[in-house]
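# Observations on the model geometry
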Amino acid sequence: MSAERPLLEVEDVVVQFGGVTAVDHAGFAAHSGRITGLIGPNGAGKTTCFNVITGLQRPNQGSVRFDGRSITRLPVHRRSRRGMGRTFQRLEAFGSLTVRDNVRVARDIQRGITGLVRPASADVDHLLERVGIAAYAGERADSIPTGVARLLELARCLAADPKLLLLDEPSSGLDESETDAFGELLAELAHEGRAVLMVEHDMDLVMSVCDDIHVLDFGRVIASGPPAEVRADPAVQQAYLGYSDGSAEDHTQVDLPAVELTQEIRLEGART
Ligand SMILES: Nc1ncnc2c1ncn2[C@@H]1O[C@H](COP(=O)(O)OP(=O)(O)OP(=O)(O)O)[C@@H](O)[C@H]1O
Ligand SMILES: [Mg+2]
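Figured I'd write up the structure that's included with this text.

## Some remarks on the overall build of the chain
Helix and strand counts for the chain stand at eleven helices and ten strands. Here the chain, with 272 residues, has 49% of them falling under the buried criterion. Here the contacts in the chain between residues at least 6 apart in sequence split such that 68% fall between residues at least 24 apart. Counting every atom, the chain has about 12,400 Å² of accessible surface; 49% of that belongs to carbon and sulfur.

In C-alpha cells form, the structure reads like this:
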C-alpha cells in the first residue's frame, strides 16, 4: 500500500436494510495513482459501498473522507463536483441518444455544474477514441452491445475529468481482447494520477491490474493487501469457495478465476 494519504477513506461504515446488514463496519481506502479492487461474492455489499461513497445511500454509521475532508453528509452532486465519477452495474446511458451525444450530455452537465470549460482531453470524440468505441459514435445507445455500453459509461464518467473513478463491474460484456485493452486503459488512467476503485468479478483482470485489493464478505472487509497476498489468504479462499480446513496445499490448488465463471453465469441469467 502507498504511504501517501489516501484520496478516499471509508471508515467503519454500516448499512442496514431492515434486518439485513449489507455493510458491516467496513473500512478501506483508495489512493491517487493506484488501481484498487473491491471484490467479494455476490451480495457481499460492494455496490452498497459504492452507493455510500457516492452519496446515494446514507450509512447507518461510519464516515467517508475524500481529499482529506469528510463528505459523509454531502449530496451526490457536490461529491461529483469535488471529483468523483462513477459507472453503474446496471447501465445508465440514454438509450435514444447516440453514443456521441451521451458523452456530450455528460460533459455539458459537468460544465454546467462547475462552470469550467474542460480541457481538450475531455473532447467528446477524443474520449470515444480513448475508450475504444469511436466506431459506434453515431449509433443509438440502446442498439450497442453490452461491452460497448460499459465503455460508453466510462467515457461519460471521464467527461467530468474525475480524480476518483468508481467502476462497478466495468468489464462484464467485454471479450478477452477488449478486456486486455481495458486493463491497459485503467493503468493509463491511474498513471495520470487518478484513483481507480473497481468492483469486478473477472479475477484475471483484478489480479493483473490492481495495486491493492479489499475483499468484502457479508459486508465485512476480510482481507486487504496486494493481489498475491489477498489471493493466498485462507479467509478469501473460504469466502469464495467455502473451504474450511485452511490448509496451504488446498489454497495453491484453487484457481480464483474459476469463480468468475460462476459470477458471469449469474449475471447473464439476471439479464434475461
Ligand atoms: N435497496 C436495498 N434494499 C434491501 N436490501 C438491499 C438493497 N440493496 C442491497 N441490498 C442487500 O444488501 C446486500 C448487499 O447487496 P449489494 O448489491 O451491495 O451486493 P454486491 O456485493 O454489489 O453484489 P453483486 O456482486 O451481486 O453485485 C444483499 O444482501 C442485497 O440483497
Ligand atoms: Mg453489485
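## As for the site of ligand 1
As a matter of local geometry, ligand 1 sits amid 13 residues, with Gly43, Lys46, Thr47, Thr48 and Gln89 nearest to it. With respect to ligand 1, the side chain of Thr47 contributes an N or O atom lying 2.9 Å from an oxygen atom. Take His201: an N or O atom from its side chain is 3.1 Å from an oxygen atom of ligand 1. Sorting elements by how many residues they give to the shell around ligand 1 places helix 1 (residues 46-54) first, with three residues. Each residue belonging to the shell around ligand 1 can be placed in one class, and the counts come to three nonpolar, seven polar and three charged.

## With respect to the sheet that holds strand 7 (residues 164-168)
Across the sheet, six strands lie side by side as 6-7-8-3-9-10; this open sheet has mixed pairing. The sheet terminates laterally at strand 6 (84-87) and strand 10 (220-225), the two strands that pair on one side only. Neighbour to neighbour, the strand axes of the sheet diverge by 15° on average, direction disregarded. Bridge count for strand 3 (residues 35-39) against strand 9 (residues 212-217) is four bridges, and the pairing is parallel. Across the sheet, the residue bridging to Gly37 is Ile213, located in strand 9.

## Looking at the layout of surface pockets
Counted as a void, the largest pocket has a volume near 630 Å³. Lining the largest pocket we find 20 residues, and of these Ser80, Gly85, Arg86, Phe88 and Arg156 sit closest to its centre. Elements supplying a minimum of two residues to the lining of the largest pocket: helix 2 (76-82), strand 6, helix 3 (99-114) and helix 5 (146-158).

## Concerning helix 6 (residues 176-191)
Counted at 1.5 Å a residue, the expected span for helix 6 with its 16 residues is 22 Å, and the 23 Å between its end C-alpha atoms agrees. Among the residues of helix 6, those classed as buried are Thr179, Phe182, Gly183, Leu185, Leu186, Leu189 and Ala190. The arc that holds every buried residue of helix 6, seen down its axis, measures 165°, which confines them to one face. The outward face of helix 6, more than 90 degrees from its buried face, is lined by the exposed residues Ser177, Glu184 and His191. A side-chain oxygen of the first residue of helix 6 lies 3.1 Å from the backbone nitrogen of Ser177; this N-cap is Asp175. A positive phi of about 105° marks Gly193, the residue just after helix 6.

## Regarding the sheet that holds strand 5 (residues 69-70)
Pairing is antiparallel in the open sheet, where four strands are placed in the order 2-1-4-5. Strand pairing shows two members of the sheet lacking a second neighbour, strand 2 (20-30) and strand 5, which therefore form its edges. Both strand 1 (residues 8-17) and strand 4 (residues 61-66) contribute to a ladder of five bridges, which runs antiparallel. If you follow Val14 over to strand 4, its bridge partner there is Gln61. Against the sheet, helix 1 touches strand 1, strand 2 and strand 4, its axis set at about 115° to strand 1.

## Considerations on helix 1
The element helix 1 is largely enclosed, with a buried count of eight among its nine residues. Positive backbone phi, approximately 95°, marks Gly55, located one or two places after helix 1.

## Quick notes on the pattern of salt bridges
Taken as a whole and assessed by the stated rule, the structure comprises twelve salt bridges. Taking the shortest distance from any N to any O, the salt bridge between Arg220 and Asp24 comes out at 3.9 Å. Placement of Arg220 in strand 10 and of Asp24 in strand 2 is noted, with a sequence separation of 196 residues between them. On the accessibility criterion, Arg220 (39% relative accessible area) is partly exposed. Taking the shortest distance from any N to any O, the salt bridge between Asp101 and Arg104 comes out at 2.8 Å. Of the two residues, Asp101 and Arg104 both sit in helix 3, three residues apart, roughly one turn of that helix. With relative accessibility at 26%, the residue Asp101 sits in the partly exposed group. If you follow the salt bridges from partner to partner, you end up with Arg130, Asp161, Glu188, Glu192 and Arg194 in one network.

Analysis parameters
- Residues numbered from 1 in each chain as written.
- Chains lettered and ligands numbered in written order.
- Predicted model: local features only at pLDDT ≥ 70, side-chain atom pairs only at ≥ 80, totals over all residues.
- Heavy atoms only, no water.
- Helix = DSSP H or I, 4+ residues; strand = E, 2+ residues; numbered from the N terminus.
- Buried < 20%, exposed > 50% of the residue type's maximum accessible area, 1.4 Å probe, protein only.
- Contact = heavy atoms within 4.5 Å.
- Areas by Shrake-Rupley, 256 points an atom, 1.4 Å probe, with all protein chains shown as cover.
- Near = heavy atom within 4 Å.
- Polar contact = N/O pair within 3.5 Å; in protein donor to acceptor, adjacent residues only side chain to side chain.
- Nonpolar A, V, L, I, M, F, W, Y, C, P; charged D, E, K, R; others polar.
- Pairing = 2+ DSSP bridges.
- Axes fitted to C-alpha atoms, helices over the stretch in contact; angles between N-to-C directions.
- 1 Å grid on protein atoms, 1.4 Å probe; cavity = no way out; pocket = protein on both sides within 12 Å on 5 of 7 lines; lining within 4 Å.
- Points joined across faces, edges and corners; volume = space filled by probe spheres on them.
- Expected span 1.5 Å × (residues − 1).
- Arc of directions from axis to C-beta.
- Salt bridge = Lys/Arg side-chain N within 4 Å of Asp/Glu carboxyl O.

Just distances and angles here, no functional claims.
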